[in-house]
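Structure assessment
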Amino acid sequence: MREVKKDKVADALPGSQWSPFEMNPNLPPERADIVIIGGGVIGWSIAYWLKKKERVRDGVKVIVVEKDPTYSQASTVLSAGGIRQQFSLTENIQLSLASADFMRNINEHLGVLNQEPVDLQFNHSGYLFVANESVAHIMEENYSTQRFAGAKVSLLSPVQLKEKFPWINTEDVALASYGLENEGWFDPWTLLNAFRQKAISMGVIQSIGEVTGFNCTLNRMDTVDGETVDVKRIKHVNVRMPNSREYQPVECAIVVNAAGAFSAKLVDMMGIGTGPKDTLSGMALPVEPRKRFIYVFNCPDGPGLDCPFLVDYSGIYFRREGLGGNYITGTSPEEDAEPDVSNLDVDHEFFQEKIWPSLAHRVPAFESLKVTSAWAGYYDYNTFDQNAILGIHPLAQNMFFATGFSGHGLQQSPAAGRAVAELILDGSYQTLDLKGLGFQRIMAKEPLLEKNIV
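Residues numbered from 1 in each chain as written. Predicted model: local features only at pLDDT ≥ 70, side-chain atom pairs only at ≥ 80, totals over all residues. Heavy atoms only, no water.

By the naming in an unreviewed UniProt entry, the protein is FAD-dependent oxidoreductase domain-containing protein 1, taken from Gadus morhua. Of the comments in the UniProt record for the protein, the one headed Function (unreviewed entry) reads "Required for the assembly of the mitochondrial membrane respiratory chain NADH dehydrogenase (Complex I). Involved in mid-late stages of complex I assembly." The protein has a UniProt comment under Subcellular location (unreviewed entry) that states "Mitochondrion inner membrane". (UniProt positions renumbered as here; feature names shortened; annotations may be inferred.)

If you want it as structure tokens, here you go:
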């Protein structure tokens, strides 16, 4: 007994490794070069590209912080998994074209030694947009933009549409647009996990915890308009461990806000956007969670293997889900009827009232169907113009943003991750010109609006 006491006393002497406190092995390191907040597909894509682009092996220490290790509420895995180039904005077309090319050669990028090849289960059935007389001219304009940007798209008359897809009701259709290449759907979880595993294999550190605050320095400056503003620079990110009050301040040079639907919460923590309206100090991050429902239904007599990802001018969409007459569907609610975002409960009446009538009108076989399951997920909804916000907020000197994709994040994640890595490591975009997706448009009150928002 005396020897044990002597050992404990010796362990407690200065210079020993003994501590009266139990150390949490999951604590992130005390220092890093870059802290990425948000372990969804955008966050892990940025982490991968940062390591891919670094000029010195192990030269950039990158941490990805994710608060939900189960991803039970992650936007990535709760999405419909579609990818398309049928946008009206060149930036969105380019992002999706580059991302499709990445996915087509995914094992060249994300393959890990001694692991199974990545199989996205990519279904190349294309997107089919259906327009009536009142919006057909917009479809023609979009078609010209898409073709000029390099997308393979064709326009179909009602007769051609009926010939190709006999199961469609074309009575009120004036024009259709069909993606011939690089469009369809894939498994979201597989892409997320592939980015994650590859990034970790390259030295990225995964930290499970929640960011609860920042330690910042402050520099007061005057703008050209004579406004006095506080420009902040993050010195430490405070990461709290799951189910614990314990937290670790992580000293860092750069922070990436890839927190998706809840990215504005991080800006609020910094006290940014609290100034008077229509001033720089009052410019908040215009991103909020919006809940979207996805319903799975069965219809044995529905469209077969040739079924594309159909988007109707009424706003509803559907696609095939595997085999056996299974499909998924959804639509966005009216602006004044947005559902409660405090939970992910599903409104089943929404399907009956807002979706099924349009489904049955477009595809008569869907008059007889059975909903078999449903789920809800969050959009990181950009209330300003429903498009991604990439780059630095003028009042957050070292926080890069990659948020506000409004439903396009999954499909654009490979190219968006590369773009943000370029901004961080090169100081400017190197492959795609995405300057239009920066904060400047918000400051100038010049929204970059899409004509096709799904």
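There is more to say after this.
**Some points on the pairing of strand 19 (residues 399-403)**
Regular strands place side chains that alternate from one sheet face to the opposite one. With respect to burial, strand 19 is a largely interior element, five of its five residues being buried. Every second residue of strand 19 is oriented toward a common face, with Met-399, Phe-401 and Thr-403 on one face and Phe-400 and Ala-402 on the other, all of them buried. Pairing geometry for strand 12 (residues 254-257) and strand 19, over three bridges, is parallel. For Val-256, the partnering residue across the bridge sits in strand 19 and is Phe-400. Relative to strand 19, strand 18 (residues 389-392) is paired through four bridges, and the arrangement is antiparallel. Following the sheet pairing, Ile-389 is matched in strand 19 by Thr-403. (Buried < 20%, exposed > 50% of the residue type's maximum accessible area, 1.4 Å probe, protein only. Helix = DSSP H or I, 4+ residues; strand = E, 2+ residues; numbered from the N terminus. Pairing = 2+ DSSP bridges.)

**Points about the nonpolar core**
Ranked by size, the top nonpolar core spans 52 residues in total, and within it Ile-34, Ile-36, Trp-44, Leu-191 and Leu-390 carry the most contacts. If sequence neighbours within four positions are ignored, Trp-44 has contacts with Gly-39, Val-64, Tyr-71, Leu-192, Phe-195, Arg-196, Ala-199, Ile-200, Val-204 and Gln-206. In terms of nonpolar packing, the next biggest core, distinct from the first, is built from 33 residues, Val-65, Ile-234, Leu-395 and Ala-396 among them. (Core = buried A, V, L, I, M, F, W, Y, C linked by side-chain atoms within 4.5 Å. Contact = heavy atoms within 4.5 Å.)

**Quick look at the packing of aromatic side chains**
Within the structure shown, the criterion is met by 25 aromatic pairs. On the basis of an interplanar angle of 55° and a centroid distance of 5.8 Å, the ring pair of Tyr-48 and Phe-195 is categorised as tilted. Of the two residues, Tyr-48 sits in helix 2 (residues 41-53) while Phe-195 sits in helix 7 (residues 188-201), which places them 147 residues apart along the sequence. Three or more aromatic residues link up through ring pairs in this structure, and these residues are Phe-165, Trp-167, Tyr-178, Phe-297, Phe-318, Tyr-327 and Phe-366. (Phe/Tyr/Trp six-rings, centres within 6.5 Å; stacked < 30°, edge-to-face > 60°.)

**What to know about the packing of helix 2 against helix 7**
Interhelical geometry of helix 2 versus helix 7 gives an angle of 35° and a closest axis separation of 9 Å. In this structure, the crossing between helix 2 and helix 7 has a hand that is left-handed. Two secondary-structure elements touch here, helix 2 through Val-41, Trp-44, Ser-45, Ala-47 and Tyr-48 and helix 7 through Leu-191, Leu-192, Phe-195, Arg-196, Lys-198, Ala-199 and Ile-200. Considering only residue class, the contact of helix 2 with helix 7 consists of nine nonpolar, one polar and two charged. (Axes fitted to C-alpha atoms, helices over the stretch in contact; angles between N-to-C directions. Left-handed = near helix turned anticlockwise from the far one by under 90°. Nonpolar A, V, L, I, M, F, W, Y, C, P; charged D, E, K, R; others polar.)

**Topic: the environment of Phe-439**
Within the element layout of this structure, Phe-439 appears in the loop between helix 10 (409-426) and helix 11 (440-443). Its relative accessible area of 3% is what places Phe-439 among the buried residues. Along the backbone, Phe-439 and Leu-425 are 14 residues apart, and their C-alpha atoms lie at a distance of 19 Å.

**Description of the sheet that holds strand 11 (residues 247-251)**
With respect to topology, three strands assemble into an open sheet ordered 9-10-11, the strand pairing being antiparallel. The open sheet is flanked by strand 9 (210-222) and strand 11, the only strands paired with a single partner. When strand polarity is set aside, the average angle formed by the axes of neighbouring strands in this sheet is 35°. Two elements, strand 9 and strand 10 (residues 228-240), share 12 bridges in a ladder whose sense is antiparallel. Residue pairing in the sheet places Gly-213 in a bridge with Asn-238 of strand 10.

**Observations concerning the side chain of Asp-385**
Within the fold, Asp-385 resides in the loop between strand 17 (370-382) and strand 18. Among all residues touching Asp-385, those that are not within four sequence positions of it are Arg-441, Pro-447, Leu-448 and Leu-449.

**What to know about the pairing of strand 13 (residues 287-298)**
For strand 13, the tally of buried residues reaches 11 of 12 residues, placing the bulk of the element in the interior. In terms of strand pairing, strand 13 meets strand 16 (residues 326-330) through four bridges, oriented antiparallel. Its bridge partner being in strand 16, Asn-298 is matched across the sheet by Asn-326.

**Details of the pattern of salt bridges**
Enumeration according to the criterion identifies 18 salt bridges in this entry. Its salt-bridge partner being Arg-290, residue Glu-288 comes within 2.7 Å of it at the nearest N-O pair. Residue Glu-288 is classed as partly exposed on the basis of its relative accessible area of 32%. Taking the relative accessible area as the measure of exposure, Arg-290 reaches 6% and is therefore buried. (Salt bridge = Lys/Arg side-chain N within 4 Å of Asp/Glu carboxyl O.)

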